[in-house]
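In case you want the letters, here they are:
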Amino acid sequence: MQKKESNSSQQSIERALKLLTIMGDSRTAMNVTEISKLLGISRSTAYAMLNVMTDMNFLSKDQATGKYFLGYEIFILGSKFRIKYSHLLPCDEYLKGFVKQTTVQLNQVSLTVLQQDYMVLKFLSKILSSAMNEFAEQRIIPAFCTASGKVLLSSLSEAEQRTALEHQNLYAYTASTITDPEKILQQLKEIADQGYGVDIEEFSNFEINLAAPLKDYSGKTVAAINLSVPKLIYQNRYQEYIQLVIALGQELSSLLGYRNTF
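All chains use their own residue numbering, which begins from 1 and follows the written sequence. For this predicted model, a pLDDT threshold of at least 70 governs which residues receive local features, and a threshold of 80 or more governs which side-chain atom pairs are given and counted, while totals over whole chains, interfaces and linings are taken from all residues. Think of the side-chain values as coming from all heavy atoms in the structure, minus any hydrogens and water.

Novice: Pulling in residues and values, what's your account of the side chain of glutamate 202?
Specialist: Topologically, glutamate 202 is positioned in the loop between strand E6 (197-200) and strand E7 (208-215). Glutamate 202 gets classed as buried once you look at its relative accessible area, which sits at 6%. Polar contact is defined as a pair of N or O atoms within 3.5 Å, subject to the rule that within protein one atom must be able to donate a hydrogen and the other to accept it, and that residues adjacent in sequence are counted only when both atoms are side-chain atoms. Engagement of the side chain of glutamate 202 in a polar contact is seen with the side chain of lysine 150, the distance being 2.8 Å. Any two residues whose heavy atoms approach within 4.5 Å at even a single point are treated as in contact. The residues touching glutamate 202, leaving out its near neighbours within four places in the chain, are Cys145, Lys150, Tyr173, Thr174, Ser176, Thr177, Ile178 and Gln187. In DSSP terms, a helix is any run of H or I states spanning at least four residues, a strand is any run of E spanning at least two, and both are numbered starting from the N terminus. Exposed residues in this analysis have more than 50% of their type's maximum accessible area, buried residues have under 20%, and partly exposed residues fall in between, with area computed by a 1.4 Å probe over protein chains only.

So this is what it looks like as structure tokens:
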């Protein structure tokens, strides 16, 4: 009996989390019929689950349409997650000043950190182009084909790098994406030696990113600074952008207590 209750509880949790993921991806409200079909459950079971999730503010219900959408508790949890990276707040403050003063043409400046599943959390973004959505780039991105992801992977041992590539879906996002593990490993060695990484339309067409490591007082790479650069301008001034991202990485590392000679 206890085992059946345990299995039932696990199923309920899995369904609730699956629903939150689906709603987050689709960004559209859903009615109970749509939800019950997506989860493969009866309407009565769906109603019971939705009532609990609504009471806890993980979902909200539009009384006019009867449709459900993500509740504010999701936003609160997301905000709390950032507390884990509170040590990077001095870097964020520095970037605020940098964004106001820089005359270099950039689309976006952001900090990134590597997650346990070898994906990259891109956050604390500063948008410099009014054409870009302010919140569009605060997301999880793959490490193997992004400048900041490769910089973060390059700080790991080769054994860890191989494990990371085994855990990632080496999907070709664009025609420029490198999906051969051995070629990626070679690139990671080069990035570690030169102190910066670049991806030219590897993850997204018409997008160029440069990244450099942020090291703490122990010399450990704890994050990366990422610059999104206009493609046409980068082609003529790439050395300037490379020097800029390296300099930013050094400056931000010093804020984190890194005192070694660069």
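From this point, the discussion proceeds with the structure in view.
Novice: Can you explain the confidence of the model for the chain? Please cite residues and give values.
Specialist: What pLDDT reports is the predictor's confidence in each residue, on a scale of 0 through 100. Per-chain confidence: the chain averages 87 in pLDDT, with 89% of residues scoring 70 or above. Ignoring residues within four places in sequence, the model shows residues 1-5, a span with pLDDT below 50, making 0 contacts including any to other chains. Every residue in residues 130-137 scores below 50 in pLDDT, and together they form 8 contacts with partners more than four places removed in sequence or on other chains.

Novice: Quick one: what's the story with the packing of helix H7 (residues 158-167) against helix H8 (residues 181-194), residue by residue and with numbers?
Specialist: Between N-to-C directions, angles span 0 to 180 degrees; the directions come from axes that are lines fitted to C-alpha atoms, helices contributing only their stretch in contact. Interhelical geometry of H7 versus H8 gives an angle of 135 degrees and a closest axis separation of 11 Å. By the angle between their directions, the pair H7 and H8 is classed as oblique. Crossing hand, H7 versus H8: right-handed. Together, Glu158, Gln161, Arg162 and Leu165 of H7 and Pro181, Glu182, Ile184, Leu185, Leu188 and Lys189 of H8 make up the contact between the two elements. Class assignment for the residues of the contact of H7 with H8 results in 5 nonpolar, 1 polar and 4 charged. If an angle is under 35 degrees, it is roughly parallel; if it is over 145, roughly antiparallel; if it lies from 65 to 115, roughly perpendicular; otherwise it is oblique. Each crossing is labelled by how the near helix is turned from the far one, with a counterclockwise turn of less than a right angle marking it left-handed and a clockwise turn marking it right-handed. When residue character is reported, Ala, Val, Leu, Ile, Met, Phe, Trp, Tyr, Cys and Pro are called nonpolar, Asp, Glu, Lys and Arg charged, and the others, Gly included, polar.

Novice: Any details on the packing of aromatic side chains? Residues and values, ideally.
Specialist: In summary, the pairing rule links any two rings of Phe, Tyr or Trp, Trp by its six-membered ring, whose centres are within 6.5 Å, and it sorts them by plane angle into stacked for under 30 degrees, edge-to-face for over 60 and tilted for everything else. Scanning the model with the defined rule gives 5 aromatic pairs in all. When the centroid spacing of 6.3 Å and the interplanar angle of 40 degrees are considered together, the rings of phenylalanine 144 and tyrosine 173 count as tilted. In this pair, phenylalanine 144 is assigned in the loop between strand E5 (139-142) and helix H6 (147-154) and tyrosine 173 in the loop between H7 and H8, connecting sequence segments 29 residues apart. Residue class for phenylalanine 144 comes out buried when judged on its relative accessible area of 0%. A relative accessible area of 35% places tyrosine 173 in the partly exposed class. Centre to centre, the rings of tyrosine 234 and tyrosine 238 are 6.3 Å apart; their planes meet at 55 degrees, and the pair counts as tilted.

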